[in-house]
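Chain residues, written in single-letter form:
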Amino acid sequence: MSDFTSRKKKLTRLQWQTLIIASAVIGFLAAMLAISLKHITEHYEDVFFGKAENNWLLFLILPFIGLSIIYILRKYLFKNKENKGIKEVFESLKTNKALPAYKIPSHYLNGFLTVIFGGSTGIEVSTVVSSAAIGSIAHSKEKFLKKYKKELICAGTAAGIAALFTSPMAGFLFVYEVLSKKISKVFLIATFIAIGVATALSFFLHETALFATNIQTWHWHAIPYFILLGVITGLNSVYLTKTVLFFKKKFATIKTKYHRVIIGSAIIGISIAFFPQLFGDGYHAIKQNIATSSSIIPTLSIFMTLLAVIILKPIITSVTLSAGGDGGVFAPSIFIGAFIGLLTALLLNKFANAEVIPLNFMIIGMAAMLSASISAPFTALFLVCGLVGDYTLFFPILIVCFVSKFTAERFCSYTVYTYQEKATA
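These numbers come from a predicted model, not from an experiment.

**What about the overall build of the protein?**
Alright, step 1. For the protein, the helix and strand inventory stands at 18 helices and zero strands.
Alright, step 2. Relative to the globule expectation of 22 Å for 425 residues, the C-alpha radius of gyration of the protein, 21 Å, shows essentially globular dimensions.
Alright, step 3. Summarising its shape, the C-alpha atoms of the protein cover approximately 70 × 55 × 40 Å along the three principal directions.
Alright, step 4. A burial count over the protein gives 57% of its 425 residues as buried.
Alright, step 5. Long-range contacts, defined here as pairs at least 24 residues apart, represent 81% of the contacts in the protein between residues at least 6 apart.
Alright, step 6. Surface accessibility of the protein: about 17,600 Å² in total, with carbon and sulfur atoms responsible for 66%.

Given below as structure tokens:
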């Protein structure tokens, strides 16, 4: 806080006004980027997935096309400059290095292309880095703003997350828990203004919850089962982290980058041909199961399918990222958590006569898995409540998010994000 005080005294009223205006512009641009990327990706993912459902050969071909286009764009348009995901934001925050402007179109295009062609990840990390780059660019436009690069990067990121998930608190908590870990008055002012603008824009554009559903209630007798779900998701987050790091290391030994594309697209194509739920971000599969969760008949076939999807998702996500796709562990964590929650509820109801609500377990599983994967329980709590547009499960989600986080930390001291930070030190 003393650092902030010393900086504050040097600012004139005009400079404060400029900082406020800059934060508002960052919020508007980051929100527009996030909302447009969300809708264009959702539309074309539905189109491509629908075509592939009618011709299963497209499941084999589409990942190869998508990763090949990304490879060509990276080689000829972006001059072989690699996208490193959130690692780039961490590096910028820790050093004087700014996020270059090309990160905005690079992550926007590559995230979009990865998902619509079946790459098993999501656009969340693409949104984070692109939004952070907007804040980074803004800090270089005025001399005195250069002191506030971290605050402006966080403002852009928070606005992007808030618009993407229709959850202002998720945007704020993400930049606090994952990126900044410190709070100052400048940080609060810049972030709240950016989030406020993003929220207003989302309201004006009638943005709605992605998995909007009507949650009736939850029962106290389910608390022990919720805690069990937290332990299971915590262990699975360790599996996800280890799998991503393992495949990245293995693919790095393949010297010819286009060979990575060929091998990766073959693995992805075969996997989504057998399990279409793994196509893209998988949100279509989550929506379908949310709609039918109360009427699913627990058979051996259902159990085996859910188990296979849960096991395969981290592998296909890892291959997607290692072969050149753009994305991270946000969408995969939400997907895996939903399916773990559904499988756990069905097993409990069939073999333990637990009488739990599968829909509740799906939603709580999403938050628990995300909490453990990025080590940010409050972000996961508000993000998932924003995704479903309902806060009925606030208390059990809060409990399970901490259970999953502590379980993951007990078996693995790092996440994909923090491991990458240490690797660059």
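Now that the structure has been shown, we can carry on.
**Some details on a nonpolar patch on the surface**
Alright, step 1. Where nonpolar side chains cluster on the molecular surface, the patch consists of Trp56, Leu57, Leu60, Ile61, Phe64, Ile65, Ile69, Ile262, Ile263, Ile267, Ile270 and Phe274 and spans about 1,000 Å² of accessible area.
Alright, step 2. Top contributing element to the nonpolar patch by residue count: helix 3 (residues 57-77), with six residues.
Alright, step 3. Its location among the elements puts Ile263 in helix 11 (residues 257-274).
Alright, step 4. Using a relative accessible area of 38% as the deciding quantity, one classes Ile263 as partly exposed.

**Comments concerning the nonpolar core**
Alright, step 1. Ranked by size, the top nonpolar core spans 134 residues in total, and within it Leu179, Ile286 and Tyr417 carry the most contacts.
Alright, step 2. The dominant element in this core, judged by the number of residues it contributes, is helix 14 (residues 330-351), at 13 residues.
Alright, step 3. Not counting residues up to four positions away in its chain, the partners in contact with Tyr417 are Ile86, Phe90, Val125, Val178, Val329, Phe330 and Ile374.

**Some details on the side chain of Thr320**
Alright, step 1. Within the secondary structure, Thr320 is located in helix 13 (residues 300-322).
Alright, step 2. Taking relative accessible area as the criterion, Thr320 reaches 0% and is therefore assigned buried.
Alright, step 3. Engagement of the side chain of Thr320 in a polar contact is seen with the backbone oxygen of Ile316, the distance being 2.8 Å.

**As for the packing of aromatic side chains**
Alright, step 1. Inspection of the entire model under this criterion finds 27 aromatic pairs.
Alright, step 2. Look at Phe64 and Tyr258: their rings are 6.3 Å apart centre to centre, the planes differ by 65°, and that puts the pair in the edge-to-face class. Taken together, the positions of Phe64 in helix 3 and Tyr258 in helix 11 put the pair 194 residues apart, joining distant regions of the chain.
Alright, step 3. A relative accessible area of 25% places Tyr258 in the partly exposed class.
Alright, step 4. Three or more aromatic residues link up through ring pairs in this structure, and these residues are Trp218, Trp220, Phe226, Phe361 and Phe395.
Alright, step 5. The positively charged end of Lys350 is found above the aromatic ring belonging to Phe351, 5.9 Å away from the centroid.

Parameters at a glance
Residues numbered from 1 in each chain as written. Predicted model: local features only at pLDDT ≥ 70, side-chain atom pairs only at ≥ 80, totals over all residues. Heavy atoms only, no water. Helix = DSSP H or I, 4+ residues; strand = E, 2+ residues; numbered from the N terminus. Rg over C-alpha atoms; globule rule 2.2 N^0.38 Å. Buried < 20%, exposed > 50% of the residue type's maximum accessible area, 1.4 Å probe, protein only. Contact = heavy atoms within 4.5 Å. Areas by Shrake-Rupley, 256 points an atom, 1.4 Å probe, with all protein chains shown as cover. Patch = residues over 30% accessible without salt bridge, like charges linked within 9 Å, V, L, I, M, F, W, Y side chains within 5 Å. Salt bridge = Lys/Arg side-chain N within 4 Å of Asp/Glu carboxyl O. Core = buried A, V, L, I, M, F, W, Y, C linked by side-chain atoms within 4.5 Å. Polar contact = N/O pair within 3.5 Å; in protein donor to acceptor, adjacent residues only side chain to side chain. Phe/Tyr/Trp six-rings, centres within 6.5 Å; stacked < 30°, edge-to-face > 60°. Lys NZ or Arg CZ within 6 Å of the ring centre and 35° of its normal.

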